[in-house]
Amino acid sequence: MRTTKEITTRAEEVVARCHKLAGFSEDKGSTRRTFLSAPMRDCHREIAEWLRPLGVEVSIDAAGNLRAVYAASGAGSPQLMIGSHLDTVPNAGAFDGILGVVIAVALLELLNGQRLPFGIEVVGFSEEEGVRFGTPFIGSLALIGGLNAEILGRRDQQGISIRQAIEDFQLNPAEIPEAVLNAETFGYLEFHIEQGPVLEKLGRSLGVVEAIAGQSRLEFIFAGRANHAGTTPMHLRHDAIAGAAEWITAVERQAQETPGLLATVGAINAEPGVVNVIAGEARMTLEVRHASDEVRNSAVEKMIDLAQQTAKRRCLAVSHSSFLSQRAVAMDRLLVKAIEEAMRKTGCEPHRMVSGAGHDAMILAEKVPAAMIFLRTPGGRSHDPAESVEIADVAKAIECGLHLLDQLCSSSALQKRMCRA
Ligand code: HGY
Ligand code: MN
Ligand code: MN
């Protein structure tokens, strides 16, 4: 095992590197890096620079994922994948996603050239958040063969399709099938900030994810009748924004009254959207999350019904479309137990938790055993420049990762798992 000093120095470098990558942005003065935007290429180049001295071959697959394989001691060995996403939300922090890729690189560096009985593939996914196209997990879907023609045809606000964006990045959509996971991959591990208050409240550095909540994403359009704000009496209005507002507060009340249910109207646009015109149209997103798919799906049905009732009462029209229904996913029990064992060796009492945030691990889990290690998020703030991590927690995460790699080399149960890959 490496010295505490060595690991702490590495942790400091990890945090500095995350800040460096956060500087690669589409916006001046804040971090926004969406699917295959120009700053993503800067990210790829920087990470490739870090990996070059390790003799790791770095490639960008046809879905824009960074892929880097640290070879095993012998050819044809099983492979562990470690990574996370490199895209961000607008006005993002420096750690959501990025930290998981940078910790993966740090683990390779701390191997100091030692070869293990399994290979390690570092992956930096091209799009997990779903900001540019409204479609999350574009990168990880490619690894499980889920990036199909329908998804590739989805368009951003400029009318550019995902397929076109891939071509614009000088990649070839025809090669997407080659992005699929290596058949010898026996597991996927993702380090990620918790993005919530739980670990901080418990005074814990690390948590182990046992399941990831499912999520539904829909668009609703309330349509009324635009009219003059100064001449239309209140009782003669068909105000799309007022109708939407009534529905949004009803959705919020339903979520507040349903344990564990999270519902968010995150984006809303009005037409014509000017001060002296009653809105003829209000278009908004709804996102619903819960650890149980049954609770989530019935909540969504109820919210759709609420929209129809509200519209009817106000003589409005309402329509909706669903663009994501991602089921809740359990993490791999064997890997969760191995992580707990590794965590104890770092002096951290493991805390099992459900992730409210979605992660690429829930997509990879369709094909390979997947597990996640959470790092405490000071202030519970994420998806915001206030997002941060403690250097000491990053050091614990790295130490936990090194113990886990050791365990994977010696545990017969995990070895058996590898041979099945
Ligand atoms: O929104 C989420 O669940 C994650 O941050 N992509
Ligand atoms: Mn995120
Ligand atoms: Mn994330």
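None of these values were measured; they are calculated from a predicted model.

### Quick notes on the overall build of the protein chain
Here is step 1 of the chain: Helix and strand counts for the protein chain stand at 13 helices and 16 strands.
Here is step 2 of the chain: Over its C-alpha atoms the protein chain spans a radius of gyration of 23 Å, differing by no more than 12% from the 22 Å that the globule rule assigns to 421 residues.
Here is step 3 of the chain: If one aligns the C-alpha atoms of the protein chain with their principal axes, the spans along those axes are about 75 × 45 × 40 Å.
Here is step 4 of the chain: Looking at the protein chain as a whole, 55% of its 421 residues are labelled buried.
Here is step 5 of the chain: Contacts spanning at least 24 positions in sequence make up 78% of the contacts within the protein chain whose residues lie at least 6 apart.
Here is step 6 of the chain: When the accessible surface of the protein chain is totalled, it reaches about 17,600 Å², and 51% of it is carbon and sulfur.
Here is step 7 of the chain: Averaging the coordinates of the 43 positive side-chain charges in the protein chain and doing the same for the 52 negative ones gives two points 2 Å apart.

### What about empty space enclosed by the protein?
Here is step 1 of the chain: Inspection of the entire model under this criterion finds two cavities of 30 Å³ or more.
Here is step 2 of the chain: Counted as a void, the largest cavity has a volume near 40 Å³.
Here is step 3 of the chain: Contributing to the lining of the largest cavity are R2, L111, Q114, L116, L402, L405 and D406.
Here is step 4 of the chain: Residue composition of the lining of the largest cavity, grouped by class: four nonpolar, one polar and two charged.
Here is step 5 of the chain: One number sums up the size of the second largest cavity: a volume of about 30 Å³.
Here is step 6 of the chain: Along the lines of polarity and charge, the residues of the lining of the second largest cavity split into two nonpolar, three polar and two charged.

### Describing the coordination of the manganese ion (ligand 3)
Here is step 1 of the chain: Protein-derived ligands of the manganese ion (ligand 3) are H85 (NE2), D96 (OD) and H192 (NE2), with the metal-ligand distances lying across 2.1 to 2.3 Å.
Here is step 2 of the chain: As a motif over one chain, the donors of the manganese ion (ligand 3) read H-x10-D-x95-H.
Here is step 3 of the chain: A spacing of 3.5 Å is found between the manganese ion (ligand 3) and the manganese ion (ligand 2), which share D96 as a donor. Taken as a pair, H85 in strand β3 (residues 79-85) and H192 in strand β5 (residues 185-193) lie far apart in primary sequence, 107 residues in all.
Here is step 4 of the chain: Look at H85 and you get buried, because its relative accessible area is 0%.

### Some thoughts on the coordination of the manganese ion (ligand 2)
Here is step 1 of the chain: Donor atoms from the polypeptide that coordinate the manganese ion (ligand 2) comprise D96 (OD), E129 (OE), E129 (OE) and H383 (NE2), at 2.0 to 2.8 Å from the metal.
Here is step 2 of the chain: One chain supplies every donor for the manganese ion (ligand 2), spaced along it as D-x32-E-x253-H.
Here is step 3 of the chain: On the basis of relative accessible area, D96 is assigned to the buried category, the value being 8%.
Here is step 4 of the chain: Here H383 falls in the partly exposed class, since its relative accessible area comes to 41%.

### Details of the site of ligand 1
Here is step 1 of the chain: Ligand 1 sits among D96, E128, E129, Q195, Q215, R217, R289, A357, G358 and H383.
Here is step 2 of the chain: G358 places a polar main-chain atom, nitrogen or oxygen, 2.6 Å from an oxygen atom of ligand 1.
Here is step 3 of the chain: Note that an oxygen atom of ligand 1 is positioned 3.0 Å from one of the side-chain N or O atoms of H383.
Here is step 4 of the chain: Contact with the protein chains hides 94% of the accessible area of ligand 1, taken as 210 Å² for the molecule alone.
Here is step 5 of the chain: Partitioning the shell around ligand 1 into residue classes produces one nonpolar, four polar and five charged.
Here is step 6 of the chain: Domain assignment of the residues forming the shell around ligand 1 places at least three in each of domain 1 (4-212 + 328-420) and domain 2 (214-326).

### So, the domain arrangement of the protein chain
Here is step 1 of the chain: Split into domains, the protein chain comes out as domain 1 (4-212 + 328-420) and domain 2 (214-326).
Here is step 2 of the chain: Each of domain 1 and domain 2 has a C-alpha centre, and these two points are 34 Å apart.
Here is step 3 of the chain: Contacts between the two partners involve 16 residues from domain 1 and, on the opposite side, 11 residues from domain 2.
Here is step 4 of the chain: Roughly 850 Å² of surface becomes buried between domain 1 and domain 2 when both sides are summed, with 48% attributable to carbon and sulfur atoms.
Here is step 5 of the chain: Seen at the junction of domain 1 and domain 2, the total is zero salt bridges.
Here is step 6 of the chain: The tally of links between domain 1 and domain 2 comes to three residue pairs in polar contact (both at pLDDT 80 or more).

### A few points about the pattern of salt bridges
Here is step 1 of the chain: Counting across every chain of the model gives 27 salt bridges.
Here is step 2 of the chain: With its nearest N and O atoms 3.1 Å apart, the salt bridge here joins E109 to R17. Placement of E109 in helix α3 (residues 98-110) and of R17 in helix α1 (residues 4-22) is noted, with a sequence separation of 92 residues between them.
Here is step 3 of the chain: Note that E210 and R352 form a salt bridge whose closest N and O atoms lie 3.3 Å from each other. Taken together, the residues E210 in strand β6 (residues 206-212) and R352 in strand β15 (residues 352-355) connect sequence positions 142 residues apart.
Here is step 4 of the chain: Beyond isolated ion pairs, a larger network of salt bridges with shared partners links R10, E13, R17 and E109.

Rules used throughout
- Residues numbered from 1 in each chain as written.
- Chains lettered and ligands numbered in written order.
- Predicted model: local features only at pLDDT ≥ 70, side-chain atom pairs only at ≥ 80, totals over all residues.
- Heavy atoms only, no water.
- Helix = DSSP H or I, 4+ residues; strand = E, 2+ residues; numbered from the N terminus.
- Rg over C-alpha atoms; globule rule 2.2 N^0.38 Å.
- Buried < 20%, exposed > 50% of the residue type's maximum accessible area, 1.4 Å probe, protein only.
- Contact = heavy atoms within 4.5 Å.
- Areas by Shrake-Rupley, 256 points an atom, 1.4 Å probe, with all protein chains shown as cover.
- Lys, Arg positive; Asp, Glu negative; His and termini not counted.
- Charge placed at Lys NZ, Arg CZ, Asp CG, Glu CD.
- 1 Å grid on protein atoms, 1.4 Å probe; cavity = no way out; pocket = protein on both sides within 12 Å on 5 of 7 lines; lining within 4 Å.
- Points joined across faces, edges and corners; volume = space filled by probe spheres on them.
- Nonpolar A, V, L, I, M, F, W, Y, C, P; charged D, E, K, R; others polar.
- Donors = N, O, S within 2.8 Å, 3.2 Å for Na, K, Ca; no water.
- Near = heavy atom within 4 Å.
- Polar contact = N/O pair within 3.5 Å; in protein donor to acceptor, adjacent residues only side chain to side chain.
- Domains from an automatic or database assignment.
- Buried area = accessible area lost by both parts, 1.4 Å probe.
- Salt bridge = Lys/Arg side-chain N within 4 Å of Asp/Glu carboxyl O.

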